[in-house]
Amino acid sequence: MKKTVSVLLPLLTLLAIACRFGAPPPSTPTPTANTSNGGGGSGNFGGSSSQASGPLQACLLRPPVVGAGGTAEAGDPGLGDPYYPHLGNGGYDVQHYHVELDVDMARQHLDGRVRIDAIATQTLGSFNLELAGMQVHRIQVQDQLVEYTRDGVELTLTPTQPVEAGEAFEVWVEYSGRPGEGMDFGSMNEFEVGWGWYPDGEGAYVAAEPSGNSTWMPLNEHPSDKATYSYAITVVKPYMAAANGVLQETIDNGDTRTFVWNSASPMASYLATVGIGRFDIETSTGPNGLLIRDYFEQDIPQETRNDFGRTPEMIALFNELVGPYPFEVTGVIVHDIDFGFALETQTMSVFGSGFTDEYVVAHELAHQWFGNSVGLNCWQDLWLNEGFATYMSALWNEHAYGEQALHDEIRMYYLQVALSGPFAAPPGHPGADDLFNFGVYYRGALALHALRERVGDETFFAILQTYYARFRDSNAVTADFVAVAQEVSGQDLQEFFDAWLYAKDVPDIPEMGLYLQDYR
């Protein structure tokens, strides 16, 4: 994700300095420490934190593994994420979500029916889903109606018979309501509210990082439990519905249409999106015949649409530097709302009408490799998403505008981080209450460039390629990347990464003549 927020006065000065660089600098203001209280907002979606900027806790979460059978017990109501321990649920591994939505645009109301295909990782006497604010009408597990209770976002289901460890099981949840109704969004970022409506009521969007999709569907809301998705979304004409993956068919029901989508690759819950509006669809072909389909709200001007014209060239570059594009299709939804962010929702990134410049397009596209295909196990490792995407967009600048453009950009990053002092958090541990600190983006990118300077281009890109190939379609932690870097380079890099990711002060980059003492 790339976002723009108000910046501190010193950073405005830095941006003015950056504009004097010879190459086009990133045109998006840097993220700042003044974000809302935490990636989990006010905790409405189960994202409340019990840990902020204290001692670092290791990210030990891994994709669920089936355990031995035994006495039926309740699945944990949280996965123990070091930052947001109540996000997600234990005891099962979701394989697939099938989402059926009937969207009433006039009433801003949803009727939903979701099937969840999962495998029990322990013998389950009960287990939890997250669902916020919607009215539940009926729940079935293995075709049997079940009893359930609700406590805020937590929906606890008690099957009529325990689900045995290793058993595949199916859950159907029928529900309805207006997403977010009665909830307090005052302390939350605009990119974590989940389902939102256009101010004029003429469309809808979904953005939910790190949580928020539980406002419109029941799910296991943690990125460590990836699953595939399919959708059948019914809307009144002339509206259209877009979602992740490939449009399978459009069913004409008379006054309404049902848009059937399928996303075949594993996906983290926060990367699921739906867009509803009056869209123009523009298609093109990328490298190796890749389908690119872009959904532009009909009032989006051609000038804005042109910002996506170099996408095929960007894909070709990232294919070469990292590895083949990981999914069956790519594209964007550009909503006619002036968002202060763009979000890398899988295969169909979400943009607002005023935040579509070339740098942001490259950033969100790069996330399809790093963040989407190679996903997170814990939110404290967000730099593996944002630092990587920020550096990949810098590599696009190097490709498009020359080596000097990259050097100028890196110097700008260093200048901002060095002069920002405590406002630029160490990227490996930004704290739960400041997850999107700009240190995660810029100092994270600087760490990668410093690694490149240390080991050389050939080894650096071999590290990226090995890391991507090893963790494609799965999840990783910082220790995984460090291990790959040491393996490929043959160097002991632990001290290097400790300094760049966890130390209070940004390290020097002597190869570029960048020394922290020069900015004090």
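Parameters and conventions
Residues numbered from 1 in each chain as written. Predicted model: local features only at pLDDT ≥ 70, side-chain atom pairs only at ≥ 80, totals over all residues. Heavy atoms only, no water. Core = buried A, V, L, I, M, F, W, Y, C linked by side-chain atoms within 4.5 Å. Buried < 20%, exposed > 50% of the residue type's maximum accessible area, 1.4 Å probe, protein only. Helix = DSSP H or I, 4+ residues; strand = E, 2+ residues; numbered from the N terminus. Contact = heavy atoms within 4.5 Å. Pairing = 2+ DSSP bridges. Lys, Arg positive; Asp, Glu negative; His and termini not counted. Salt bridge = Lys/Arg side-chain N within 4 Å of Asp/Glu carboxyl O. 1 Å grid on protein atoms, 1.4 Å probe; cavity = no way out; pocket = protein on both sides within 12 Å on 5 of 7 lines; lining within 4 Å. Points joined across faces, edges and corners; volume = space filled by probe spheres on them. Nonpolar A, V, L, I, M, F, W, Y, C, P; charged D, E, K, R; others polar. Axes fitted to C-alpha atoms, helices over the stretch in contact; angles between N-to-C directions. Parallel < 35°, antiparallel > 145°, perpendicular 65-115°, else oblique. Left-handed = near helix turned anticlockwise from the far one by under 90°. Phe/Tyr/Trp six-rings, centres within 6.5 Å; stacked < 30°, edge-to-face > 60°. Lys NZ or Arg CZ within 6 Å of the ring centre and 35° of its normal. Polar contact = N/O pair within 3.5 Å; in protein donor to acceptor, adjacent residues only side chain to side chain.

Peer 1: Got a minute to help me understand the nonpolar core in this structure?
Peer 2: Nonpolar side chains in soluble globular proteins tend to end up buried together. Trp195, Tyr231, Ile276 and Phe481 are the most contacted members of the largest nonpolar core, which has 155 residues in total. The dominant element in this core, judged by the number of residues it contributes, is helix 7 (residues 438-455), at 11 residues. If we skip the residues at most four places from it in the chain, Ile276 touches Val103, Met105, Trp195, Tyr198, Glu202, Gly203, Ala204, Ile233, Val235, Tyr239, Met240 and Ala241.

Peer 1: How should I be thinking about the pairing of strand 16 (residues 256-267) in this particular structure?
Peer 2: Remember that side chains alternate between the two faces of the sheet whenever the strand is regular. With nine bridges joining them, strand 13 (residues 227-236) and strand 16 adopt antiparallel strand pairing. Following the sheet pairing, Ala232 is matched in strand 16 by Val260. Sheet analysis places strand 15 (residues 246-252) next to strand 16, joined by six bridges and oriented antiparallel. Along strand 16, the bridge assignment pairs Ile251 with Thr258. Where strand 15 hands over to strand 16, the hairpin turn is made up of three residues, of which Gly254 adopts a positive phi near 105 degrees.

Peer 1: Hey, could you run me through the side chain of Glu297 in this one?
Peer 2: By secondary structure assignment, the location of Glu297 is in strand 19 (residues 291-297). Despite being buried, Glu297 has no salt bridge partner; Arg278 is the closest side chain of opposite charge, sitting 6.0 Å away. Setting aside residues up to four positions removed in sequence, Glu297 forms contacts with Tyr198, Arg278, Phe279, Arg305, Val334, His335 and Asp336.

Peer 1: What exactly am I supposed to notice about empty space enclosed by the protein here?
Peer 2: Taking a probe equal in size to a water molecule and rolling it over the atoms shows the remaining empty space. For the coordinates displayed, the defined rule picks out two cavities of 30 Å³ or more. Within this model, the largest cavity holds a volume of roughly 120 Å³. In terms of lining, the largest cavity is formed by 13 residues, of which the most central are Thr311, Thr330, Gly331, Val332 and Leu365. When contributions to the lining of the largest cavity are tallied by element, the ones reaching two or more residues are strand 19, strand 23 (349-351) and helix 4 (358-366). Its residues placed into classes, the lining of the largest cavity shows six nonpolar, five polar and two charged. A volume near 30 Å³ is recorded for the second largest cavity. In terms of lining, the second largest cavity is formed by Phe370, Gly371, Val374, Gly375, Leu376, Leu384, Asn385, Tyr467 and Ala476. At three residues, strand 24 (residues 374-376) tops the list of elements feeding residues into the lining of the second largest cavity.

Peer 1: I tried to follow the packing of helix 6 (residues 403-420) against helix 7 on my own but got confused; where do I start?
Peer 2: To characterise two packed helices, one gives the angle between the axes of the helices and the distance between these axes. The interhelical angle for the contact between helix 6 and helix 7, taken along N-to-C directions, is 130 degrees, at an axis separation of 10 Å. Taken together, the axes of helix 6 and helix 7 lie oblique to each other. Here helix 6 and helix 7 pass one another in a crossing that is left-handed. In this structure, helix 6 uses Leu406, Ile410, Met412, Tyr413, Tyr414, Gln416, Val417 and Ser420 to contact helix 7, whose residues at the interface are Phe438, Tyr442, Arg443, Ala445, Leu446, His449 and Arg452. Among the residues forming the contact of helix 6 with helix 7, the class breakdown is 10 nonpolar, three polar and two charged.

Peer 1: I keep staring at the packing of aromatic side chains and nothing clicks. Help me out?
Peer 2: Scanning all chains against the criterion turns up 36 aromatic pairs. Arranged with centres 5.7 Å apart and planes meeting at 55 degrees, the rings of Tyr414 and Tyr519 form a pair that is tilted. One end of the pair, Tyr414, is in helix 6; the other, Tyr519, is in the segment after helix 10 (494-502), with 105 residues separating them in the sequence. Owing to a relative accessible area of 23%, Tyr519 belongs among the partly exposed residues under this scheme. Look at Tyr467 and Phe481: their rings are 5.0 Å apart centre to centre, the planes differ by 75 degrees, and that puts the pair in the edge-to-face class. Of the two residues, Tyr467 is situated in helix 8 (residues 457-471) and Phe481 in helix 9 (residues 478-489); the sequence distance between them amounts to 14 residues. By way of ring pairs, the aromatic residues Phe370, Trp383, Phe388, Tyr467, Tyr468, Phe471, Phe481, Phe496 and Phe497 are connected into one cluster. Sitting over the face of the ring of Trp172, Arg113 holds its NZ or CZ atom 3.8 Å from the ring centroid.

Peer 1: Mind showing me how you'd approach the sheet that holds strand 9 (residues 154-158) here?
Peer 2: By way of backbone hydrogen bonds, the strands of a sheet pair with one another, either parallel or antiparallel. Reading across from one edge, 2-5-9-8 is the order of the four strands in this open sheet, with mixed pairing throughout. Single-partner strands in this sheet number two, and they are strand 2 (73-74) and strand 8 (147-151).

Peer 1: Sorry if this is basic, but what is going on with the pairing of strand 5 (residues 124-130) here?
Peer 2: Among the seven residues of strand 5, six are classified as buried, and the element is accordingly described as predominantly covered. Of the pairings in the sheet, the one linking strand 2 to strand 5 comprises two bridges and is parallel in character. Within strand 5, the residue paired with Ala74 across the bridge is Ser126. Bridge count between strand 5 and strand 9: four bridges; the pairing is antiparallel. Paired with Asn128 across the two strands is Thr156, which belongs to strand 9.

Peer 1: What am I meant to see in the pattern of salt bridges here?
Peer 2: Pairs can form between side chains of opposite charge whenever their charged atoms are close. Applying the stated criterion across every chain, the model contains 15 salt bridges. Residue Glu100 is joined to Arg113 by a salt bridge in which the shortest nitrogen-to-oxygen separation is 3.8 Å. Taken together, the residues Glu100 in strand 3 (residues 92-104) and Arg113 in strand 4 (residues 109-120) connect sequence positions 13 residues apart. Glu100 sits in the partly exposed class, given a relative accessible area of 26%. Salt-bridge contacts for Arg113 lead to Glu174; the nearest nitrogen and oxygen are separated by 3.3 Å. Taken together, the residues Arg113 in strand 4 and Glu174 in strand 10 (residues 168-177) connect sequence positions 61 residues apart. Each of Glu100, Arg113 and Glu174 takes part in salt bridges that share partners, so that together they form one network.

Peer 1: Where do I start with the side chain of Asn220 in this structure?
Peer 2: Mapped onto the elements, Asn220 comes out in the loop between strand 12 (204-207) and strand 13. Take Asn220: its relative accessible area is 1%, and that puts it in the buried class.

Peer 1: Explain the packing of helix 5 (residues 383-401) against helix 7 to me, please; I cannot follow it from the model alone.
Peer 2: Packing of helix 5 against helix 7 brings their axes to within 7 Å, and their N-to-C directions diverge by 65 degrees. When the axes of helix 5 and helix 7 are compared, the crossing they make is right-handed. Judged by residue contacts, Trp383, Glu386, Gly387, Phe388, Thr390, Tyr391, Leu395 and Glu398 of helix 5 engage Val440, Tyr441, Tyr442, Gly444, Ala445, Leu448, His449 and Arg452 from helix 7. Grouping the amino acids of the contact of helix 5 with helix 7 by side-chain chemistry returns nine nonpolar, four polar and three charged.

Peer 1: Please clarify how the environment of Thr466 should be interpreted in this entry.
Peer 2: With respect to the helices, strands and loops of the structure, Thr466 is situated in helix 8. If we skip the residues at most four places from it in the chain, Thr466 touches Val484 and Val488. Polar contacts involving the side chain of Thr466 include one to the main-chain carbonyl oxygen of Ala462, which spans 2.7 Å.

Such coordinate-based values are descriptive only and should not be taken to indicate function.
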